[in-house]
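So the chains spell out like this:
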Amino acid sequence: MMKNFTILFLGLITLSCQQSASTQNETPVSDTLRYVQETHLKNVRQLTWGGNNAEAYWSFDGSSLVFQSDYTEWGVACDQIFTLNVSEPKKGEKPNMVSTGLGRTTCAYFLPGDSLIVYGSTHLVDSLCPPTPPRTEKYVWPIYEGYDIFVADLNGNIVNQLTTEDGYDAEATVSPNGDRIIFTSTRSGDLELYIMDLDGSDVVQITDDLGYDGGAFFSPDGSKIVWRASRPQTEEEIAEYKGLLAQGLVQPTKMELYIANADGSDAKKITELGNANWAPFFTPDGDKILFSSNHASQRGFPFNLFMINLDGTGLEQVTFDDTFDSFPMFSPDGKYLVWASNRNNGGNRDTNLFVAEWVN
C-alpha cells in the first residue's frame, strides 16, 4: 500500500516534473545519478526504466530485489510483483513476475532462504484490478477489503495463504531473524499492526490507538520496530478518519513515525515534523531511521529521504531530488541502499528503482 503515495502525491506534479535541474539543489553530479549534496550515496545505478516501481526489498542473501510495478509494457494493468537480480538489470527486459497477474498486489518481501516471497493480493475477491477512488480535494487512498497475504515461490505459484480474515490484510515485512512477520490489518475495526509466525499462526495485535498504523519494519537485530501512524485527536479529525475508513479509505497526508519493541511495548513517537513522514527503515547499525518526508513542502512535494536518531534528534536530509524519493531499504550487509525516485525520468511521472553504495 505504500506505493500509492507515489501516484497520489505525484498527481499534483505537472510543471515541476518537467523543470530542468538548474537550481542549487537540483544540479546532478555529471558522472552519476546523484545530486552533489547526497554525500551518503555513491555509485548510483538505475534498475528500472518505466512505470511506477516501488517498495523494492532485498533478499536475505543481498543478490535480488522483490518489488511491485504497474508498468504496462510488462503486460500488467495494475501493481504486480516482480524480482530482479541487482547486478544484472537490463533496460527493456521484463523481470520475473512472481505474482499471479490477477487482482492488485502490494508489499512483497523475501522469506528466509530466498526461495519464497510473501505479498498482499486481492485476486481471490476479483481477478480484475480494483477501482481507484475518484479524485477529490483531499488525498485519499483505498484500503481494499480484498487484500490477503500469500506466500509464493519464484515461479509465481502460491504455496500458502497466511490470512483469511475479512477486511484488509497487507503490508507484510519479515524480521531479519527470519522468525516473525509484521503486517497491517483492519480485523479489529481500525488499521492496526499485528505480528505472526511465518506460517500465519500465533497472530498478536501490537497496536491499539485510533488511527492508521502501517508500513512497519524490524530493526537489524529484530528487537525493535518502526512504523508510520496517524493519530486523529479532535472530534472533527476522529469523525473524518472513521468516516473515510468506513468507506475503505484513508487520508495519508498527516503521519509521524513511531518506534517500539518488537512486541509493540514501549512505543515512542520520534517525529513531530508535520505533513507526511513515512517509509521508515533502520540504518544498518540500528541507531537511526531513514525515512521519506515532505515536511518542508508547501505543495505536497518534494518528498526526500531524511535520517533521524531513535530519540528524534539529529534530523539530516539525505536526498535532494526535486520531486520524489522514498521506500529506502538497506541491503542485509548494510553496504547498499535501494530506493524509488523520480530522478532521471525524462520529465514524465515514472518512478524507478535506484541502488547506491551507502557512505556513513
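Residues numbered from 1 in each chain as written. Predicted model: local features only at pLDDT ≥ 70, side-chain atom pairs only at ≥ 80, totals over all residues. Heavy atoms only, no water.

Caption draft 1: Quick peek at the sheet that holds strand β23 (residues 316-317). Across the sheet, four strands lie side by side as β20-β21-β22-β23; this open sheet has antiparallel pairing. The open sheet has two free edges, formed respectively by β20 (277-282) and β23, since each of these has just one partner strand. The sheet contact formed by strand β22 (residues 304-309) and β23 spans two bridges and is antiparallel. Counterpart to Met307 in the pairing with β23 is Glu316. (Pairing = 2+ DSSP bridges. Helix = DSSP H or I, 4+ residues; strand = E, 2+ residues; numbered from the N terminus.)

Caption draft 2: Focus on the sheet that holds strand β11 (residues 169-174). If you walk across this open sheet you meet the four strands as β11-β12-β13-β14, and the pairing is antiparallel. Looking at strand neighbours, the two that pair on one side only are β11 and β14 (204-205), the edges of this open sheet. Pairing geometry for strand β13 (residues 192-197) and β14, over two bridges, is antiparallel. Considered in β14, the bridge of Tyr194 is made with Gln205.

Caption draft 3: Here's a closer look at the state of the cysteines. The full count for this structure, using the stated rule, is one disulfide. In this model, Cys78 is linked to Cys129 through a disulfide, with the two sulfur atoms separated by 2.2 Å. The disulfide joining Cys78 to Cys129 has a torsion of about -95° about its S-S bond and is therefore left-handed. Placement of Cys78 in the loop between β3 (64-69) and β4 (80-85) and of Cys129 in the loop between β7 (116-121) and β8 (141-142) is noted, with a sequence separation of 51 residues between them. Free cysteine Cys107: the closest other cysteine sulfur is in Cys78, separated by 14 Å. (Disulfide = S-S within 2.5 Å.)

Caption draft 4: Seen up close, the pattern of salt bridges. Applying the stated criterion across every chain yields a total of 11 salt bridges. Residue Glu171 pairs with Arg228 through a salt bridge whose shortest N-O separation is 3.5 Å. Of this pair, Glu171 sits in strand β11 while Arg228 sits in strand β16 (residues 224-229), and the two are 57 residues apart along the sequence. For the pair Glu171 and Arg228, one class covers both residues: buried. Ionic contacts of the salt-bridge type, sharing partners, join the residues Glu38, Asp325 and Arg343 into one network. (Salt bridge = Lys/Arg side-chain N within 4 Å of Asp/Glu carboxyl O. Buried < 20%, exposed > 50% of the residue type's maximum accessible area, 1.4 Å probe, protein only.)

Caption draft 5: Expanded view of the environment of Leu128. Assignment of secondary structure puts Leu128 in the loop between β7 and β8. By relative accessible area, which is 57% here, Leu128 ends up exposed. Placed 51 residues apart in sequence, Leu128 and Ala77 show a C-alpha to C-alpha distance of 8.6 Å.

Caption draft 6: Seen up close, the environment of Val226. Positionally, Val226 belongs in strand β16. A C-alpha to C-alpha distance of 23 Å links Val226 and Glu357, two positions 131 residues apart in sequence. Excluding residues within four positions of it along the chain, Val226 makes contact with Gly215, Ala216, Phe217, Tyr258, Ile259, Pro280, Phe281, Phe282 and Ile289. (Contact = heavy atoms within 4.5 Å.)

Caption draft 7: Fine view of the confidence of the model for the protein chain. Confidence along the protein chain averages 91 in pLDDT terms, with 91% of residues attaining 70 or more. Below pLDDT 50 for its whole length, residues 5-31 participates in 62 contacts with residues either more than four positions away or in separate chains. (pLDDT = per-residue confidence, 0-100.)

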